Amino acid sequence: MKDLILRYAARQYYWKNLNNNIDKISSFMNSKAFALYLKDFRSELRTRYAVNSLAMFIVVAISVILFSIGNEKIPESLTGGLFWVVIFFSAMSGLARAFVAEEERGTSLTLQLIASPSTVFTGKLLFNLILVFLMNIVIALLYSALFEEFVIRSFALFLLTFVLSNIGLAVSSTIIAAIISKAGSKGTLYPVLSFPILLPLILTSVELTSNCMLGTTFEESQVLLAVILCYDVIMLTASYMLFDFIWKD
Amino acid sequence: MKNFDIIWKTFLFLLLAFVSVAGIAFPIVENPVHWYQFPMIRGLEENAKIIFFHVPTAWLTVIAFLMSTIYSIKYLRKKNLDDDAKSYAAAQLGIIFCILATVTGSIWSKFAWGAYWSWDPRQTSIFALLLIYGAWFALRSSIESEDKRASLSAVYSIIAFVTVPFFIFVMPRIMLGLHPGSEEIVDGKVMQSASPVIDFKMNGNMLLIFFLSLAAFTILYFWMWKLGYKSLIYKDKIQKQISRG
Amino acid sequence: MSDYILKADSVAKNFGRRLIFRGINFQFSENGVYGVSGPNGSGKSTLVKIIAGLSSPSEGKITHNHNNNEIISEKLHNYIGFVSPYLVLYEEFSAWENLEFFAHIRDVAFNKEKIETLLNDFLLYERREDLVKTYSSGMKQRMKFIFALMHSPNLVILDEPTSNLDEEGKETVYKIVEREGKENIVIVASNERSDLALCGETILLEKFKQ
């Protein structure tokens, strides 16, 4: 009897939480930041500026590496590093657009008039987050297909690394994109400013990727994962606090 | 005031002169007997003296970065362009000391470990700091408007500062390194290095010269920084006078 | 007495070390049309940007009050309607899509009747499904008014409102300005005599330039 009551209570709790979460998700989807993301998404669908050039860039970057290696065999550890090289440069090619396009067309002023700074940052971050995930999934698939040495032995660890690193990449790239959108020579400055900020993330991710390829256990990589998580949290906090100063004149 | 200036500047000159002479000229012997002799460390011998110059430059470049960031924060709160000038003067000195630290570090690295550069975590950190300084100056030179230049470089400075703890504390713990105090592989196991860091087996005299050098360079830095930001502020004011006619 | 009060306390603005204006003090507590005038380069656009919260003053501050509560800067954007020569709309979308997006991101209900009325007033109803890219400069200027008024703001700021407009457009604008001036606070920043003729109290910026 007690058993039945417990099971009933557990089921009620489960359904109530599910409804709460669905409410949270739907209220987020109706929110202003999501509206901004949707606008960018629809604009992308219509004009396809970012996606086309980004897709071509990924193909070109991987091709350049393939051709420079030629028929040589590269050591396994090197493939892990090169993977993040391609990711870094693809990010530099595609993620600045979120802010630079608005600034170049003059619609930054429009955004300032209709949304608070944190809404703008959240919306742009959401766009870049989705772009980073899509871009990196394509890179990961292409890369593992074309480089036979790139074999992931601890898949769960790789998945976790992938998710955490992508978040960090998106956050840092977005705040730096906001900075350079207000400066001159935007294109060349973007990798110059982003690299030092992304360096801790890249170093840790490369280390974790080689762990994944060696098949290291989860426990042994815990510290590295914690580092990336800290990086994500710290960069996210700093970005929100500083965005106001960049955005307003 | 003026007399006091002369007094401390002379004192600084004497201190630096003493430190330079002591640092370079005092001999290193097996068993120090006289007060001007330094103890020997296996494998380093004469080259140990570089510690008097390498560590202060590394120390100062971090102090300069910290000060640049502090004045950046002050600027963001009060929007006073004088704070921006102070931040800039600190960064100018910072990049100079960073280059010196990297160069003295790689010289020492050649003698101690055999190669000029080996991507040890501390070496990577000083290189990252050099990149941060370079990026900061590049950002500044790409913005025309004074206000925008000051606020954007202030924001970048703070963001870069936030990543620095990762280099200083986290990396050396998790990655293998050559610097004294980092992890290394001994007998196939990873453990804390037994190499001395600042417990460098320096005897009393050596420690004294070391700390004197640190103090002397720090005072020199603050003096140069004051000169730097004052001249920037005056130059700005004069230019405004001229353009106003 | 309006339920919206706009106050300026010793507002000054410098660009770098160059002074634009200083010592601006005013309080607008009645509905009506106010003016900001001055020769080119006197800082009209700068002042209205500071009032709209797009720029910070170098000294002093601007306070916005609604029903005797002060409005914080994060929430200010929904109380203000802004028209300016620098304003640009999203050209890859149609006028209607632009307005839908603005309503969503402002988190304000998309009032279909009000928007259709505005579109009719400014003679853009026929072209509402066309991409803004295809609009003439006069049509884009008229669109900016709809952007500024669709969310029924308490404070309407118009910087050079009649630029790019023909006679008919100007007539429409003056009609709308007068109408808005009865229920809200309207600020017109301009050099045109016909624009400033609508205004009551006017700030003459050349007086604040020491």
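Keep in mind the model is a prediction, meaning the values are calculated, not measured.

What counts, and where the lines are drawn
Residues numbered from 1 in each chain as written. Chains lettered and ligands numbered in written order. Predicted model: local features only at pLDDT ≥ 70, side-chain atom pairs only at ≥ 80, totals over all residues. Helix = DSSP H or I, 4+ residues; strand = E, 2+ residues; numbered from the N terminus. Buried ≥ 20, exposed ≤ 12 C-beta atoms within 10 Å, placed from the backbone. Pairing = 2+ DSSP bridges. Contact = placed C-beta atoms within 7 Å. Axes fitted to C-alpha atoms, helices over the stretch in contact; angles between N-to-C directions. Parallel < 35°, antiparallel > 145°, perpendicular 65-115°, else oblique. Left-handed = near helix turned anticlockwise from the far one by under 90°. Nonpolar A, V, L, I, M, F, W, Y, C, P; charged D, E, K, R; others polar. Domains from an automatic or database assignment. Expected span 1.5 Å × (residues − 1). Bend = angle between axes of the 7 residues up to and from the residue. Core = buried A, V, L, I, M, F, W, Y, C linked by C-beta atoms within 7 Å.

**Thoughts on the overall build of chain A**
Each helix and strand in chain A was counted, giving 10 helices and 0 strands. Going from N to C terminus, chain A has its helices and strands arranged as α-α-α-α-α-α-α-α-α-α. Structurally, chain A occupies a C-alpha span of about 70 × 50 × 30 Å along its principal axes. Counting every position in chain A, which comprises 249 residues, the buried fraction comes to 41%.

**Details of the sheet that holds strand E5 (residues 69-70) of chain C**
Residue and element names in this part refer to chain C. Judged by pairing direction, the sheet is antiparallel, and its 4 strands sit side by side in the order E2-E1-E4-E5 without closing on themselves. Single-partner strands in this sheet number two, and they are strand E2 (18-28) and E5. Along the sheet, helix H1 (residues 44-51) makes contact with strand E1 (4-15), E2 and strand E4 (59-66), crossing E1 at roughly 130°.

**Observations regarding the packing of helix H9 (residues 186-214) of chain A against helix H4 (residues 121-141) of chain B**
Taken N-terminus to C-terminus, the directions of H9(A) and H4(B) make an angle of 150°; their axes are 9 Å apart at the nearest point. What the angle tells us is that H9(A) and H4(B) run roughly antiparallel. Judged by the sense of rotation from one axis to the other, the crossing of H9(A) with H4(B) is left-handed. Facing H9(A), whose interface residues are Leu189(A), Val192(A), Leu193(A), Phe195(A), Pro196(A) and Leu199(A), H4(B) presents Ala128(B), Leu131(B), Ile132(B), Ala135(B), Ala138(B) and Leu139(B). Across the contact of H9(A) with H4(B), the residue classes tally to 12 nonpolar, no polar and no charged.

**A word on the pairing of strand E8 (residues 185-189) of chain C**
Look at any regular strand and the pattern is simple: side chains alternate between the two faces of the sheet. All names here are of chain C. In terms of burial, E8 is a largely internal element, 5 of the 5 residues being buried. Burial of E8 is two-sided: the residues Ile185, Ile187 and Ala189 facing one way and the residues Val186 and Val188 facing the other way are all buried. Alignment of strand E3 (residues 32-37) against E8, held across 5 bridges, turns out to be parallel. Its bridge partner lying in E8, Gly32 is registered against Ile185.

**A short note on the interface of chain C and chain A**
Counting from both sides, the interface comprises 18 residues of chain C and, opposite them, 19 residues of chain A. Counting residues per element, the side of chain C that touches chain A draws most heavily on helix H2 (residues 95-106) of chain C, at 5 residues. Tallied by class, the residues present in the side of chain C that touches chain A amount to 10 nonpolar, 4 polar and 4 charged.

**Points about the interface of chain B and chain A**
Listed by partner, the interface residues are 24 residues for chain B and 24 residues for chain A. Secondary structure elements with two or more residues in the side of chain B that touches chain A: H4 and helix H5 (146-174) of chain B. Element by element, the count of residues in the side of chain B that touches chain A is highest for H5(B), at 15 residues.

**What to know about the environment of Ile167(A)**
Residues and elements named next belong to chain A. Turning to its location among the elements, Ile167 is positioned in helix H8 (residues 155-181). Taking the C-beta count within 10 Å as the criterion, Ile167 has 22 such neighbours and is therefore assigned buried. Separated by 124 residues in sequence, Ile167 and Ser43 place their C-alpha atoms 23 Å apart. Excluding anything up to four places from it in sequence, Ile167 contacts Leu129 and Asp232.

**Describing the domain arrangement of chain A**
For chain A, the assigned domains are domain 1 (1-30) and domain 2 (32-247). Here the C-alpha centroids of domain 1 of chain A and domain 2 of chain A sit 35 Å apart.

**Topic: the packing of helix H2 (residues 32-47) of chain A against H2(C)**
Look at H2(A) against H2(C): their axes get within 7 Å of each other, and the N-to-C directions meet at 150°. The angle between H2(A) and H2(C) falls in the class roughly antiparallel. Packed against H2(A), whose contacting residues are Lys32(A), Ala35(A), Leu36(A) and Lys39(A), the element H2(C) presents Phe101(C), His104(C) and Ile105(C) at the interface. Among the residues making up the contact of H2(A) with H2(C), the classes are represented as 4 nonpolar, 1 polar and 2 charged.

**Digging into the pairing of E3(C)**
All names here are of chain C. Counting buried positions along E3 yields 5 of 6 residues, so the element is predominantly enclosed. Summarising the sheet, E3 and strand E9 (residues 202-204) pair through 3 bridges and their orientation is parallel. By the bridge assignment, Val36 is partnered in E9 with Ile203.

**Describing helix H10 (residues 222-247) of chain A**
All names here are of chain A. Taking 1.5 Å of rise per residue, the 26 residues of H10 would be expected to cover 38 Å, and the 37 Å separating its terminal C-alpha atoms lies within 8% of that figure. Of all the bends in H10, the greatest, near 35°, is centred on Met241. Those residues of H10 not exposed but buried are Leu224, Val227, Ile228, Tyr231, Asp232, Met235, Ser239, Leu242, Phe243 and Ile246.

**Observations regarding the nonpolar core**
If you look at the biggest cluster of nonpolar residues, it comprises 170 residues, and the most contacted ones within it are Ile179(A), Ile146(C), Ile157(C) and Ile187(C). Discounting residues that sit within four places of it in the chain, Ile157(C) has contacts with Val48(C), Ile51(C), Ala52(C), Ile80(C), Gly81(C), Phe82(C) and Ile187(C).

**Concerning H9(A)**
Residues and elements named next belong to chain A. Given a rise of 1.5 Å per residue, 29 residues ought to cover 42 Å, and the 39 Å separating the end C-alpha atoms of H9 matches this to within 8%. For H9, the principal kink sits at Leu198 and spans about 55°; a proline, Pro200, occurs within the next four residues. Immediately beyond the C-terminal end of H9, within one or two residues, lies Gly215, with a positive phi of roughly 85°.

**Observations regarding unusual backbone geometry**
Despite not being glycine, Arg48(A) has its phi angle at roughly 55°, a positive value. Structurally, the position occupied by Arg48(A) is in the loop between H2 and helix H3 (49-69). Even without being a glycine, Asn67(C) presents a positive backbone phi close to 50°. With respect to the secondary-structure elements, Asn67(C) resides in the loop between E4 and E5. Classification of Asn67(C) by C-beta neighbours within 10 Å gives exposed; the count is 9.

**With respect to the sheet that holds strand E7 (residues 155-159) of chain C**
Residues and elements named next belong to chain C. The strand order across the open sheet built from 5 strands is E6-E7-E8-E3-E9, with neighbouring strands paired in parallel fashion. The open sheet has two edge strands, strand E6 (80-83) and E9, and neither has a second partner. The average angle at which neighbouring strand axes cross in this sheet is 15°, direction not considered. In this sheet, E8 lies alongside E7 in parallel orientation, the contact comprising 5 bridges. Across the sheet, the residue bridging to Asp159 is Ala189, located in E8. Contacting E6 and E7, helix H4 (residues 137-149) crosses the sheet at an angle of about 170° to E6.

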